[in-house]
Structures are given as structure tokens and as C-alpha cells.
Amino acid sequence: MMNEVEHEFNELNDEEKIKEFNVLQNTIQFQREMLGIAYGFIKSVGIEDIFKKILNGEKLDLDELKKTVNNIKVSEKL
């Protein structure tokens, strides 16, 4: 698959290559922005803290889980 894409790219003239490069840059920038928004959401509702505890092997507090679920429900309404 990668060889096919590389071959097609090599067949383009310089102007077309620049256009394709700009499209790729815009796509990457868009994806970065979406990841930033997703991370902001994850952090704001408390999911990040739960992930950290799981990765560190810590026990999860039921009240903390309930709070996170409530935060998600509130954010869905916004």
C-alpha cells in the first residue's frame, strides 16, 4: 500500500506535490486540534485521573467513579 502511494506521489508534478503536501499538513493540523479537544474533555470530566490510577495499579474509589460519570452526563447536556 505504501509503495503504491509513494509511486503515485512520484508521478505528480511539483505543483501537484505541493498541493498534496498542503492537504497533508492541513489534515495533520486538524487531527492535532481534535486530539487536543478530546484530551481536554477527558481531563475535564476526570477520566484522565481514572486512567492514571488504573495504570499505576491503584484501587478506584466508587465515589470518584460516580463523580466522573456525573461529569460526563453534565457535559453531554452542554
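Description of the structure in this document. This structure is a prediction, so every number in the text was calculated from the model and none was measured.

### Some remarks on the overall build of the chain
Broken down by element type, the chain carries four helices and zero strands. Reading the secondary structure of the chain in the N-to-C direction produces α-α-α-α. Taking 78 residues into account, the globule formula puts the C-alpha radius of gyration at 12 Å, and the chain, at 21 Å, lies well above it. By its C-alpha atoms, the chain is 60 × 30 × 15 Å across when sized along the principal axes. Summed over all atoms, the accessible surface of the chain reaches about 7,000 Å², with 59% contributed by carbon and sulfur. Across the chain, the mean location of the 11 positive side-chain charges is 15 Å away from that of the 16 negative side-chain charges.

### Side note on the pattern of salt bridges
Inspection of every chain in the model, using the stated rule, returns three salt bridges. Glu15 serves as the salt-bridge partner of Lys19, at 3.7 Å between the closest nitrogen and oxygen. Linking Lys19 with Glu15, this pair stays in helix α2 (residues 14-45), spanning four residues, or about one helical turn. Each member of the pair, Lys19 as well as Glu15, carries the same accessibility label: exposed. Across the pair Lys52 and Glu48 runs a salt bridge, and its minimum N-O distance is 3.9 Å. You can see Lys52 and its partner Glu48 sitting in helix α3 (residues 47-55), four residues apart, about one turn around the helix. The buried category is assigned to Glu48, whose relative accessible area is 12%.

### Overview of the environment of Asn70
Within the secondary structure, Asn70 sits in helix α4 (residues 62-77). Classification of Asn70 by relative accessible area gives partly exposed; the value is 43%. Put simply, Asn70 and Met34 are 36 residues apart on the chain and 23 Å apart in space, counted from C-alpha to C-alpha.

### What to know about the packing of α3 against α4
Contact pair α3 / α4: the axes reach a minimum separation of 10 Å and the direction vectors enclose 145°. Relative to α4, the crossing made by α3 is left-handed. Residues Ile47, Asp49, Ile50 and Lys53 of α3 pack against Glu64, Leu65, Thr68 and Ile72 of α4. Tallied by class, the residues present in the contact of α3 with α4 amount to four nonpolar, one polar and three charged.

### Thoughts on a nonpolar patch on the surface
Taken together, the side chains of Phe51, Ile54, Leu60, Leu62 and Leu65 define a hydrophobic patch exposed on the protein surface, amounting to about 450 Å² of accessible area. Elements with a contribution of two residues or more to the nonpolar patch: α3 and α4. Considering the arrangement of structural elements, one finds Phe51 in helix α3.

### Notes on the side chain of Glu64
For Glu64, the location among the structural elements is in helix α4. Every residue in contact with Glu64, bar those within four places of it in the chain, is listed here: Asp49 and Lys53.

Conventions used here
Residues numbered from 1 in each chain as written. Predicted model: local features only at pLDDT ≥ 70, side-chain atom pairs only at ≥ 80, totals over all residues. Heavy atoms only, no water. Helix = DSSP H or I, 4+ residues; strand = E, 2+ residues; numbered from the N terminus. Rg over C-alpha atoms; globule rule 2.2 N^0.38 Å. Areas by Shrake-Rupley, 256 points an atom, 1.4 Å probe, with all protein chains shown as cover. Lys, Arg positive; Asp, Glu negative; His and termini not counted. Charge placed at Lys NZ, Arg CZ, Asp CG, Glu CD. Salt bridge = Lys/Arg side-chain N within 4 Å of Asp/Glu carboxyl O. Buried < 20%, exposed > 50% of the residue type's maximum accessible area, 1.4 Å probe, protein only. Axes fitted to C-alpha atoms, helices over the stretch in contact; angles between N-to-C directions. Left-handed = near helix turned anticlockwise from the far one by under 90°. Contact = heavy atoms within 4.5 Å. Nonpolar A, V, L, I, M, F, W, Y, C, P; charged D, E, K, R; others polar. Patch = residues over 30% accessible without salt bridge, like charges linked within 9 Å, V, L, I, M, F, W, Y side chains within 5 Å.

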